[in-house]
Amino acid sequence: MGVGMSALLGSVAEIANLVSSFESSSGDDGGLFWLLAAGPASAVGTYWAIYRYYRNTDKSHNFERETAIESQPITGADNKVDERNGTTDKSIPGDNRANHRSRVKRVP
Amino acid sequence: MSDTDPTSFGAEQLGNEPVVETPEDLAEALGADPNAPKTIDTENKRLDDGVNRCPKCASTDIQLRPSTGMLVCLFCRHEWSEERVEERIAGNGSLQDLKGTHIASGATAINTEAAGVLTLKCAGCGSEVIVNIDETTSARCHWCRHVLSVNEQVPNGAVPDAVLPFSLTHDQALAAIKQFAGKRKLFAHRKFKQEFAPENVVGVYLPYMIIDSNASADVVGKGEIETRRYTRGTGDNKTTYYDADVYELSRHVDFTVDDLIIESSAERANMDTFVNTNNVINTILPFDTKNAVEWNANYLVGFTSEKRDKDTETVQPLLEHQLLSIARSEVMSSTQRYDRGVRWETERLDVHGTRWVSMYLPVWLYSYYHVEHGKPMVHYIAVNGRTGETMGSVPVSHPRLLFAALTIGTVVESFALAILWASV
């Protein structure tokens, strides 16, 4: 019950942050009407947060961190190949650096 | 080498032929395939199929005492433990020297033709007792009441290389499950709350492959470093732009992994959260597998167990997936300078050596069968039988959840409308 309520309060805090971020970005993105989405977004967020806390469907063994691993010093190369100027993307498209379990093309 | 050294004789006789120094060299010299998997014998030779007695009083009424993690004779209270297997399997060698495939004898290929029943001859009275080894590894002689146990590594996956005994008691598991469910009462399904009976928790030994690996991995991709950030436009039409240098980067890592734990039961390895809750059992890993001991069926007395039905070959793809995930995790720290992120595009894995051991690991399991919209699902609350780590799935009451979500949504929307109203 205590933790359930704290999850609930946590999502309320997230929503408050969301509202304040909408407020601060209103100058950039054309008015405060984005705020109208805050109600439905917080409802969906609350539903999902509580569901996940009860059902734990997102949990699994963190073998990357919880197993005894010994690595030799990492080697490699870094070569500048291009420049991207004037992009509005905040990060590289398809950033998968932190998504260790998503497999990419395997080469022999 | 001395004259009496058996390997020196071979070297002298063969002239320029390779020196035979190890059993592997000898096997190669005799024409055996050097890449064939090597078997490590882990059978507990001290025990027989049938009657295994207390070393002090010769009684056969033996079981595990979880509070000490040792076997206890129910007649004279003598306590003892089987030998740890780690030293016998791993030896003193470094994992960096691990080459080829090494499979412990309890993890070898399952023979689906293997008999599901075994006839044990009771050493107490001479009668023959049939044991269904698909279901159990011990039985009581119906004539003289001696306990008979199966210790031979029958090729049906029922007898593993090692067992990690429970060290968490039933009462401790019960408390952990009550605490876990107690924190999830408010939105739990009404029927779950009514029917919650944590005293029904059962101790289960689940089958796993414990795998040591020596591997190398390469990853190649693109990374971006921000060189400039600027804003154009005025008023409501401001847009932020970024300039970045694009790099092609590659990383190589040599690494060893000690005791990676992977499910060796096909049913448990299926972690589709739409149809089952096996992921919660996976979450309570890892275990202190270094403390696993040689097989003795008496460790299972009073507990249930599931049989292994996956071989090294069927586990291999998942092992490679986990090794690649580990490699990607290991190289992450070397890419900090790419503040706009990295997109890995290709990856490569070389597995130089693996060592496979099948093991029973202890799990306290509370299960609740729940049908929702005609879809049945078993919800587990699992407690690690060594560390006490607990994870579970509690069925939710969707109307309550909807009510809470709508309440929060309405409150937030009211605030949003008030802000809009004030700004107009």
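Just so we're clear, the structure is a prediction, and the values are computed from it rather than from any experiment.

Colleague: Tell me about the overall build of chain B, and name the residues and values.
Modeller: Within chain B, the regular secondary structure consists of nine helices and 18 strands. The C-alpha radius of gyration computed for chain B amounts to 29 Å, which surpasses the reference 22 Å derived for 424 residues by more than 25%, pointing to a less compact arrangement than a globule. If you line up chain B on its principal axes, its C-alpha atoms span 95 × 70 × 35 Å. When each of the 424 residues of chain B is scored for burial, the buried share is 49%. Long-range pairs, those at least 24 residues apart, make up 73% of the contacts in chain B between residues at least 6 apart in sequence. Summed over all atoms, the accessible surface of chain B reaches about 20000 Å², with 52% contributed by carbon and sulfur. Computing the positive centroid from 40 side-chain charges and the negative centroid from 58, chain B places the two 11 Å apart.

Colleague: So, the overall build of chain A: which residues are in play, and what are the values?
Modeller: Secondary structure assignment for chain A yields three helices and three strands. Each helix and strand of chain A, placed in order from N terminus to C terminus, yields the pattern α-α-α-β-β-β. Per-residue burial over chain A gives 29% buried out of 108 residues. Element-wise, carbon and sulfur atoms account for 57% of the exposed surface of chain A, whose accessible area totals about 6300 Å².

Colleague: Tell me about the confidence of the model for chain B, and please be specific about residues and values.
Modeller: All names here are of chain B. In the predicted model, chain B carries a mean pLDDT of 88, and the fraction of residues at 70 or more is 91%. Strand E18 (residues 390-392) holds the highest mean pLDDT among the elements of chain B, 98, whereas helix H1 (residues 6-14) holds the lowest, 37. This model gives residues 1-18 a pLDDT under 50, and the stretch forms nine contacts once residues within four places in sequence are excluded. For this predicted complex, the interface confidence comes out at an ipTM of 0.82, alongside a pTM of 0.84.

Colleague: Pulling in residues and values, what's your account of the sheet that holds strand E10 (residues 147-149) of chain B?
Modeller: Residues and elements named next belong to chain B. Taken in spatial order, the three strands of this open sheet run E2-E10-E9, and their pairing is antiparallel. Looking at the sheet topology across the chains shown, the edges are occupied by strand E2 (50-51) and strand E9 (138-140). Relative to E10, E9 runs antiparallel, the two being bridged by three bridges. Within E10, the position partnered with arginine 140 by the bridge is valine 147.

Colleague: Can you tell me about a positive patch on the surface, naming the residues and giving the values?
Modeller: Residue and element names in this part refer to chain B. Together, Lys185, Arg190, Lys191, Lys193 and Arg400 make up a region of like positive charge exposed at the surface. If one sorts the elements of the positive patch by residue count, helix H5 (residues 190-195) sits on top with three residues. Inspection of the secondary structure assignment puts arginine 190 in helix H5. Under the relative-accessibility criterion, arginine 190 is labelled exposed at 56%.

Colleague: Lay out empty space enclosed by the protein in plain terms, naming residues and giving numbers.
Modeller: Residue and element names in this part refer to chain B. If you walk through the whole model with that rule in mind, you get two cavities of 30 Å³ or more. Estimates place the volume of the largest cavity at around 110 Å³. At the level of secondary structure, the elements contributing two or more residues to the lining of the largest cavity comprise helix H3 (86-90), strand E12 (202-232) and strand E16 (342-372). One number sums up the size of the second largest cavity: a volume of about 50 Å³. Lining the second largest cavity, in full, are Arg46, Leu47, Asn52, Arg53, Pro55, Ile62, Trp80, Glu82, Asn296 and Asn298.

Colleague: Would you mind going over the side chain of B:Thr256 in detail, with residue names and values included?
Modeller: Residue placement: B:Thr256 occurs in strand E13 (residues 239-263). When its relative accessible area of 6% is taken as the criterion, B:Thr256 is described as buried. If near-sequence neighbours (up to four positions away) are discounted, B:Thr256 is found in contact with A:Ala68, A:Ile69, A:Glu70, B:Leu95, B:Gln96, B:Ser213 and B:Asn214.

Colleague: So what's going on with the packing of aromatic side chains? Which residues, and what values?
Modeller: Taken as a whole, this structure holds 15 aromatic pairs over all chains when the rule is applied. Between A:Trp48 and A:Tyr51 the ring centres are 6.0 Å apart and the planes differ by 20 degrees, which places this aromatic pair in the stacked class. Residue A:Trp48 and its partner A:Tyr51 are both found in helix H2 (residues 38-55); the two are separated by three residues, about one turn of the helix. With 5.4 Å between their ring centres and 80 degrees between their planes, B:Phe196 and B:Tyr366 make a pair best called edge-to-face. On the criterion of sequence distance, the pair formed by B:Phe196 in the loop between H5 and E12 and B:Tyr366 in strand E16 is long-range, its members being 170 residues apart. Residue classification places B:Phe196 among the partly exposed positions, given a relative accessible area of 23%. Ring pairs connect the aromatic residues B:Phe166, B:Tyr205, B:Trp295, B:Phe303, B:Tyr360 and B:Trp364, which therefore count as one cluster. Positioned over the ring face of B:Phe180 is B:Arg184, at 3.8 Å from the centre of the ring. Here the guanidinium or amino end of B:Arg228 rests over the ring plane of B:Tyr230, the centre of that ring lying 4.0 Å away.

Colleague: Help me get a handle on the interface of chain A and chain B, residues and values and all.
Modeller: Interface size is commonly expressed as the accessible surface area that is lost when the partners come together. With 78 residues of chain A in contact, the opposing surface of chain B contributes 94 residues. Across the chain A to chain B interface the summed buried area is about 7600 Å²; carbon plus sulfur atoms make up 56%. On the chain A side of the interface with chain B, the three residues burying the most area are A:Tyr54, A:Arg55 and A:Arg97, jointly 11% of the side's total. One salt bridge in this structure joins B:Arg337 and A:Asp78, with 3.9 Å as the shortest N-O distance.

Colleague: Lay out helix H8 (residues 312-331) of chain B in plain terms, naming residues and giving numbers.
Modeller: Between its first and last C-alpha, H8(B) extends 27 Å over 20 residues, near the 28 Å set by a 1.5 Å rise per residue. At B:Leu318, H8(B) is bent by approximately 25 degrees, the largest bend along its length.

Colleague: For the environment of B:Thr68, give the residues involved together with the corresponding values.
Modeller: Residue and element names in this part refer to chain B. In this fold, threonine 68 is placed in the loop between strand E3 (62-65) and strand E4 (70-73). Note: C-alpha distance between threonine 68 and threonine 169 (101 residues apart in sequence) is 9.5 Å. At 3.4 Å, the side chain of threonine 68 forms a polar contact with the side chain of glutamate 79.

About the criteria used
Position numbers for residues count from 1 along each chain, tracking the sequence in the order it is written. Naming scheme: in the order in which they are written, chains are lettered from A and ligands are numbered from 1. This being a predicted model, a pLDDT of at least 70 is required before a residue's local features are given, and a value of 80 or more before pairs of side-chain atoms are given or counted; all residues contribute to the totals for chains, interfaces and linings. Note: side-chain values were computed over all heavy atoms of the structure, leaving out hydrogens and water. Numbering goes from the N terminus for both helices and strands, where a helix is a DSSP run of H or I of at least four residues and a strand is a run of E of at least two. Every radius of gyration here is taken over C-alpha atoms, with the globule rule written as 2.2 Å times N^0.38, N being the number of residues. The buried label applies to any residue whose accessible area, calculated with a 1.4 Å probe on protein chains only, is under 20% of its type's maximum; exposed applies above 50%, and partly exposed to all values in between. Contact definition: two residues touch when any of their heavy atoms are within 4.5 Å. Values of accessible area rely on a 1.4 Å probe in the Shrake-Rupley scheme; residue burial ignores everything except the protein chains shown. Positive charges are assigned to Lys and Arg, negative charges to Asp and Glu, while His and the chain termini are left out of the count. Just so you know, the charge point we use is NZ for Lys, CZ for Arg, CG for Asp and CD for Glu. The predictor reports its confidence for every residue as pLDDT, a score running from 0 up to 100. Two strands pair under a simple rule: DSSP has to find at least two bridges between them. Like charges within 9 Å and nonpolar side chains (Val, Leu, Ile, Met, Phe, Trp, Tyr) within 5 Å are joined into patches, using only residues over 30% in relative accessible area that form no salt bridge. The working definition used for a salt bridge is a side-chain nitrogen of Lys or Arg within 4 Å of a carboxyl oxygen of Asp or Glu. Buriedness of a pocket was judged along seven lines, with at least five required to meet protein on both sides within 12 Å; pockets are open sets of points on a 1 Å grid over the protein atoms alone, cavities are sets where a 1.4 Å probe fits but cannot get out, and lining residues have an atom within 4 Å of a point. Grid points are joined across faces, edges and corners, and a volume is the space filled by probe spheres set on the points. Whether two aromatic rings pair depends on their centres lying within 6.5 Å, for rings of Phe, Tyr and Trp, where Trp uses its six-membered ring; planes under 30 degrees apart make the pair stacked, over 60 edge-to-face, and the rest tilted. A ring has a charge above it when a Lys NZ or an Arg CZ is no more than 6 Å from the ring centre and no more than 35 degrees off the ring normal. Accessible area, probed at 1.4 Å, shrinks when two parts are joined; the buried area is that loss added up over both. Here the expected span of a helix is defined as 1.5 Å times the quantity of residues minus one. The angle between axes fitted to the seven-residue stretch ending at a residue and the seven-residue stretch beginning at it gives the bend at that residue. For the purposes of these results, a polar contact is taken to be a pair of N or O atoms within 3.5 Å, where, inside protein, one atom must be able to donate a hydrogen and its partner to accept one; residues adjacent in sequence count only when each atom of the pair is a side-chain atom.

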